[in-house]
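# Coordinate analysis (summary)
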Amino acid sequence: MTQQMFHEVAVARRQLLTPGMVRLTFAGEGLAAFRSTGIGDEYVRLFFPDEATGETVLPIIDGEGRWTYPEGKPPVRYSTYTVRRFDAAARELDIDFVVHEGGLASEWAQAAPPGHRIVINSPRGLYQPPPDVRWQVLLADATGLPALARLIEETPDAIASRVVIEVADEAHEQALPPHPRALVTWLHGSGNGLRASRLAEVFQQIPLPEGCGYLWGSGEQTAIRAIRQRARKMPVFQDSRSKLIAYWIEEGAESRGRPEALASEVSARIGADWSGLVEAKTPDLLTLS
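These figures come from a predicted structure and were not determined experimentally. (Residues numbered from 1 in each chain as written. Predicted model: local features only at pLDDT ≥ 70, side-chain atom pairs only at ≥ 80, totals over all residues. Heavy atoms only, no water.)

Within the protein, the regular secondary structure consists of six helices and 14 strands. For the protein, the C-alpha radius of gyration of 20 Å lies close to 19 Å, the compact-globule estimate for 289 residues. Seen along its three principal axes, the alpha-carbon backbone of the protein occupies a region of about 55 × 45 × 35 Å. Buried positions account for 48% of the 289 residues belonging to the protein. Of the contacts made within the protein by residues no fewer than 6 positions apart, 73% connect residues no fewer than 24 positions apart. Within the protein, the 37 negative side-chain charges are centred at a point lying 3 Å from the centre of the 30 positive side-chain charges. (Helix = DSSP H or I, 4+ residues; strand = E, 2+ residues; numbered from the N terminus. Rg over C-alpha atoms; globule rule 2.2 N^0.38 Å. Buried < 20%, exposed > 50% of the residue type's maximum accessible area, 1.4 Å probe, protein only. Contact = heavy atoms within 4.5 Å. Lys, Arg positive; Asp, Glu negative; His and termini not counted. Charge placed at Lys NZ, Arg CZ, Asp CG, Glu CD.)

Quick look at the sheet that holds strand E12 (residues 182–188) now. Reading across from one edge, E12-E11-E10-E13-E14 is the order of the five strands in this open sheet, with parallel pairing throughout. Pairing within the sheet leaves two strands with one partner each, and these edge strands are E12 and strand E14 (242–248). Averaged over neighbouring strand pairs, the angle between their axes works out to 10 degrees when direction is ignored. Across six bridges, the pairing between strand E10 (residues 135–141) and strand E13 (residues 213–220) is parallel. Across the sheet, Leu138 pairs through a bridge with Trp216, a residue of E13. (Pairing = 2+ DSSP bridges. Axes fitted to C-alpha atoms, helices over the stretch in contact; angles between N-to-C directions.)

A word on helix H2 (residues 145–154). Of all ten residues making up H2, eight are buried, and the element is well covered by its neighbours. If you check which residues of H2 are buried, you get Leu145, Pro146, Ala147, Leu148, Ala149, Arg150, Leu151 and Ile152.

On to the pairing of E13, then. A large share of E13 lies buried, amounting to eight of its eight residues. Examined bridge by bridge, E13 and E14 share six bridges and lie parallel to one another. When the sheet's bridge partners are listed, Gly219 is paired in E14 with Ala246.

The subject of this paragraph is the sheet that holds strand E8 (residues 92–98). With respect to topology, seven strands assemble into an open sheet ordered E6-E3-E9-E1-E2-E8-E7, the strand pairing being antiparallel. Edge positions in the sheet fall to strand E6 (77–82) and strand E7 (85–87), since each has one partner strand and no second. Ignoring strand direction, the axes of neighbouring strands in this sheet form an average angle of 35 degrees. Looking at chain direction, strand E2 (residues 21–27) and E8 are connected through seven bridges and run antiparallel.

Now for the nonpolar core. By size, the foremost hydrophobic cluster in this structure holds 25 residues, and its most contacted members are Leu139, Leu187, Phe203, Ile206, Leu215, Ile227 and Trp274. Secondary structure elements with two or more residues in this core: E10, strand E11 (160–167), E12, helix H3 (199–205), helix H4 (221–231), helix H5 (264–270) and helix H6 (275–279). The greatest single-element share of this core, amounting to four residues, is contributed by H3. Setting aside anything within four residues of it in sequence, one finds Leu139 in contact with Leu148, Val164, Leu199, Phe203, Ile206, Leu215, Trp216, Gly217, Ser218 and Ile227. Grouped together as the second largest cluster of nonpolar side chains are 23 residues, Ala140, Leu145, Ile152 and Ile165 included. (Core = buried A, V, L, I, M, F, W, Y, C linked by side-chain atoms within 4.5 Å.)

A few words now on helix H1 (residues 104–111). Residues of H1 that are buried: Ala105, Ser106, Trp108 and Ala109. The buried residues of H1 occupy an angular sector of 165 degrees when the element is viewed end-on, so they sit on one face. Check the buried side of H1 and you find it contacts strand E1 (6–18), E2, strand E3 (43–48), E6, E8 and strand E9 (117–121). (Arc of directions from axis to C-beta.)

Tallying each qualifying case throughout the model produces 14 aromatic pairs. Here Phe26 and Trp108 contribute two aromatic rings whose centre-to-centre distance is 6.2 Å and whose plane-to-plane angle is 5 degrees, an arrangement assigned as stacked. Of this pair, Phe26 sits in strand E2 while Trp108 sits in helix H1, and the two are 82 residues apart along the sequence. Like Trp108, Phe26 is buried. For the ring pair Tyr127 and Tyr214, a centre distance of 5.4 Å and an interplane angle of 85 degrees mean the geometry is edge-to-face. Here Tyr127, found in the loop between E9 and E10, pairs with Tyr214, found in strand E13; they are 87 residues apart in sequence, far enough to count as distant. (Phe/Tyr/Trp six-rings, centres within 6.5 Å; stacked < 30°, edge-to-face > 60°.)

So, on to the pairing of E12. Taken across its seven residues, E12 has six buried, putting it largely inside the fold. Pairing of E11 with E12 involves seven bridges; the strand directions are parallel. Looking across to E12, one finds that Glu166 is bridged to Leu187.

The tally for this structure, following the rule as stated, stands at 14 salt bridges. Ionic pairing is found between Glu42 and Arg150, a salt bridge with its closest N-O pair at 3.0 Å. Of the two residues, Glu42 is situated in the loop between E2 and E3 and Arg150 in helix H2; the sequence distance between them amounts to 108 residues. For the pair Glu42 and Arg150, a shared accessibility class is recorded, and that class is buried. Three or more residues are tied together by salt bridges with common partners; here these are Arg13, Arg85, Asp87, Glu92 and Asp94. (Salt bridge = Lys/Arg side-chain N within 4 Å of Asp/Glu carboxyl O.)

As structure tokens, this is what we get:
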């Protein structure tokens with residue numbers, strides 16, 4: 001039986017998580033045929049109606065996932081977002097949107113009333129650590145925060161995680177799912193369209209434990225490209241032991257003003273040895289802000 005590729009859903013409720021992020025919960029019978037990949041960073045595309053005609057134009061997708069477009073129709077309008085939560089029994093799906101001006105999906109998410117209907121497609125996930133992984137480094141700006149939170153939530157207790165998240169300021173932090181071997185640092189005042197991102201700089205300062213590791217990162221293209229270039233030279237991240245995804249592109253990101261130097265206490269946290277989390281027999285919760 002061919003899996004259904006498109007699903008019509010309706011806005012059930014909205015929740016403002018922080019000044020910079022809003023969550024929409026979608027529901028409806030359209031989710032009866034929705035099949036999660038079970039991968040923490042799985043994503044869907046939201047398809048929006050044409051502004052002039054009101055028609056939602058969907059692509060034609062073949063068995064290998066290649067898109068073609070219907071002739072004589074308006075352009076396909078869509079945005080890509082990760083799935084924060086899917087509850088098959090309740091037929092509910094949560095997507096978290098970064099709040100900002102000028103974005104098609106963000107502005108829609110801030111205004112769409114309950115009952116408003118939209119079409120999504122079936123999900124695909126990218127996170128794929130090796131079976132023998134013992135630790136991982138997770139890096140993200142605000143756009144990657146929903147996926148990163150779900151990755152922590154779904155990471156087995158035996159795997160240690162070094163986590164760095166870049167947000168506008170302290171008010172944009174979120175409570176992350178608890179994990180016995182997660183060490184978390186929040187960066188403020190850089191990236192996210194404010195100033196140049198610090199993620200690539202910080203990545204260089206993180207000490208790496210011995211054993212099999214994995215690297216996952218998401219954020220603005222310039223920062224992710226710099227992290228990828230460095231990771232490619234590191235033997236520990238060879239052989240598909242990393243996944244780095246540019247979630248958005250900022251024109252002129254390279255010319256953004258440099259952020260102020262990291263506070264000494266933040267630098268100390270980033271450079272702290274966390275190998276004990278990998279080796280510990282009785283894990284303790286270590287979460288730093």
